[in-house]
Amino acid sequence: MEGRDNNGFIGDNSPSIVGQFRWNAPPANGVHVPGTQGVALTDVELAGGKTVHRTTASENVSRNGTGTAVPVQPSADRDQWGKGIEFLMSCIAMSVGLGNVWRFPFVALENGGGAFVIPYIIVLLLVGKPVYYMEMIIGQFSSRGSVKVYDMAPIMRGVGYGQILSTTIVTTYYASLMATTLRYLFDSFQSILPWAVCEDSWAGSCIPSGSRNTTLMNDLNDTVVLSNRTSSAELYFTKVVLKELDGIDDGIGLPDLRLTLFLVLSWSLVFLTLIKGVKSSGKASYFLALFPYVVMTVLLVRACTLPGAVDGIVYFLKPQWDKIYDPKVWYAAVTQCFFSLSICFGNIIMYSSYNKFRHNVYRDATIVTSIDTFTSLLAGCTIFGILGHLAHVTGKTDVGNVVKSDAGLAFISYPEAIAKFEVLPQAFSVLFFLMLFVLGIGSNVAMTSCVMTVIKDQFPKVRNWQAATIIAICGVLLGSIYVTPGGQYVLKLVDYYGASSIALVLAIAELIAIGWVYGVDRLCKDTEFMLGHRPNLYWRLCWRWITPLLMFVILIYNLVTLEPLMYKQYVYPTIAYDIGWCIFAFGLLQLPIWGAYAVYKQSGKTLNEKIKNSFKPTPAWGPLDPATHYEYKKFIDED
């Protein structure tokens, strides 16, 4: 069937795409199907000017033995983005997050500086962009969340459940980071930044971080003295904000009251953003996506005017070519790209499932992945401009030794750098932590929406505000664990076993499910029906071979180089490791559990027949709108 140029799908107000198919609504005994819009095309139009005989649904049944019109729920029952730009902004707010601002610059620094950018861009082209585009296609095509989307291959449904478990885990501790950010944001309004000065109880072990104490720090040339003293910014974070314990052998303690209140406030803002589903989160996406760039631009301009800033930026971008052959650099590039774009967590599938059927996701995938990389480089220049100034005022020549690059980076190194500002450090501190908070909220809204979508797909009668309320309350209760004196120990443990490790294995399983079980050829046909063109050889090679193989190599490398998890050189008690491996095992067990359930529920007389059927799409698989679903089945049969 020939395509029509510049014609949008009948009844779809989304932007038209050159070459997309224009289909007629399926007749039901000569009656127009309810829920469709526009005028049905003639037989001549459908054949591109050739007169053809149009078969009805009943004729298809007699010819093929099975009906092509499978009853599905009308898409009117499912939320949709108000405008296509809301989807784009929401994807930017989701993908551009804390990893771009505080993780990317130091991952690049530790792995060759400017030389790291080359493997990162290669990985972006071979992993990031293909997977992002693939998930957008499959989500928009099916209008299903990250679990029901596996109607395309029921035996792989455990991938969706495992990913939603991983996303839920990340959501619980992500909000605690937002609570800590709010604590610093409110503290930034004080006349003197509290982390810029030492408290009396820290006497003898503290170096003030404020600009007025730069001379004191320059006078401390004795390395022994320096090694025994800690900056006030670090002591403020560990002793005042976290009240951190030296270990968790005797328990994690009780939640901190102030951080708990900020945790409640963080979840309240997420709840208000999601109270009406994508209708409310779409409106909020404009602010969540654009505001951080305003702040980053202000900070970059300010950073470039500071003495020593240029040295810091050059240090960040200067390539160390010898490291480009190190497999650790490529591993770091894959993991950074993987987690920065939020691929294989279900979030992209969820967001695109609320699109109109003909929306141009190819354009959006290109825009988001490019902006994500640009933001990482922009943040790197901004941060290292500030750190270059910090090295200048402290008399250090090596920018890499100025700051710590561990989990406390955003709450130790950056506050310390801002405290060195001689002009309005409070203003820049407010801007910086407000930016971090907005970035975090954008990512948390996406993860929470993913969980909400799974709940609503399973229980259609549940309303958005009800699902959001349940998630927010559970989020506060579970998140309170991370605002205890031992919370950072738990966060590190849960993130490693419950998020990072599970996500890598499930990502490979997702690529196998879509690229091999469902099939790249079928995915290309779906794309042709939806967008009017087949993906080119580059996409097909990545989906079928290159991306899965790269991810598999990364998994093997991760297993070979596996070391016991530690937090600040602290070795966890045995029971903590046992709990961690139990979380990891529970996530992976979703694959065989739901695979066995899918086989059990399949029709078939023998076990072998049931297994074969569980690898095939369900009868209801396809576009959710009944009219579009009918024409899709017709398109597949005729192809």
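Up top you'll find the structure we're talking about.
Residues numbered from 1 in each chain as written. Predicted model: local features only at pLDDT ≥ 70, side-chain atom pairs only at ≥ 80, totals over all residues. Heavy atoms only, no water.

K.L.:
Is there a simple way to explain the environment of Pro-592 in this structure?
P.N.:
Residue placement: Pro-592 occurs in helix H21 (residues 574-601). Sequence separation of Pro-592 and Met-156 is 436 residues, and the distance between their C-alpha atoms is 8.6 Å. (Helix = DSSP H or I, 4+ residues; strand = E, 2+ residues; numbered from the N terminus.)

K.L.:
Looking at this model, I keep getting lost on the pattern of salt bridges. Mind explaining?
P.N.:
If the charged atoms of two oppositely charged side chains come close together, the side chains can form a pair. Taken as a whole and judged by the stated rule, the model has eleven salt bridges. One salt bridge in this structure joins Arg-144 and Asp-151, with 3.1 Å as the shortest N-O distance. For Asp-151, a relative accessible area of 8% gives the class buried. Via salt bridges that share partners, Arg-144, Asp-151 and Arg-157 belong to a single interconnected network. (Salt bridge = Lys/Arg side-chain N within 4 Å of Asp/Glu carboxyl O. Buried < 20%, exposed > 50% of the residue type's maximum accessible area, 1.4 Å probe, protein only.)

K.L.:
Would you take a moment to explain the packing of helix H5 (residues 114-142) against helix H13 (residues 327-341) for this structure?
P.N.:
Each packed pair of helices is defined by two parameters, the angle between the axes and the distance between the axes. Look at H5 against H13: their axes get within 9 Å of each other, and the N-to-C directions meet at 45°. Between H5 and H13, the angle falls in the class oblique. When the axes of H5 and H13 are compared, the crossing they make is right-handed. Note on element contacts: H13 touches H5 through Val-329, Trp-330, Ala-332, Ala-333, Val-334, Gln-336, Cys-337, Ser-340 and Leu-341, opposite Phe-116, Pro-119, Tyr-120, Ile-122, Val-123, Leu-124, Gly-128 and Tyr-132. For the contact of H5 with H13, the per-class residue count stands at 14 nonpolar, three polar and no charged. (Axes fitted to C-alpha atoms, helices over the stretch in contact; angles between N-to-C directions. Parallel < 35°, antiparallel > 145°, perpendicular 65-115°, else oblique. Left-handed = near helix turned anticlockwise from the far one by under 90°. Contact = heavy atoms within 4.5 Å. Nonpolar A, V, L, I, M, F, W, Y, C, P; charged D, E, K, R; others polar.)

K.L.:
Even after reading the chapter, I still don't get the state of the cysteines, so can you show me in this structure?
P.N.:
What is meant by a disulfide is a covalent connection between two cysteines, made through their sulfur atoms. Tallied over the entire structure, the rule returns one disulfide. Residue Cys-198 pairs covalently with Cys-206 via a disulfide, S to S 1.9 Å. Given an S-S torsion of about -80°, the disulfide between Cys-198 and Cys-206 has left-handed geometry. For Cys-206, a relative accessible area of 3% translates into the label buried. (Disulfide = S-S within 2.5 Å.)

K.L.:
Looking at this structure, I do not really get unusual backbone geometry. What am I missing?
P.N.:
Residues apart from glycine generally show negative phi values, whereas peptide bonds are mostly found in trans. For Cys-344, which is not glycine, the phi torsion reads 65° and is therefore positive. Mapped onto the elements of the fold, Cys-344 is located in the loop between H13 and helix H14 (347-352). For Cys-344, a relative accessible area of 2% corresponds to the buried category.

K.L.:
Honestly, helix H4 (residues 98-110) in this entry has me stumped. Any pointers?
P.N.:
At 3.6 residues per turn, the α-helix brings residues three or four places apart onto the same side. An ideal rise of 1.5 Å per residue puts 18 Å on 13 residues; H4 measures up with 18 Å between its terminal C-alpha atoms. The sharpest bend along H4 measures roughly 35° and falls at Phe-104, with the proline Pro-105 sitting one to four residues further on. Taking burial as the measure, the 13 residues of H4 include ten buried ones, the bulk of the element. What H4 keeps buried is the set Leu-98, Asn-100, Val-101, Trp-102, Phe-104, Pro-105, Phe-106, Val-107, Ala-108 and Leu-109. (Expected span 1.5 Å × (residues − 1). Bend = angle between axes of the 7 residues up to and from the residue.)

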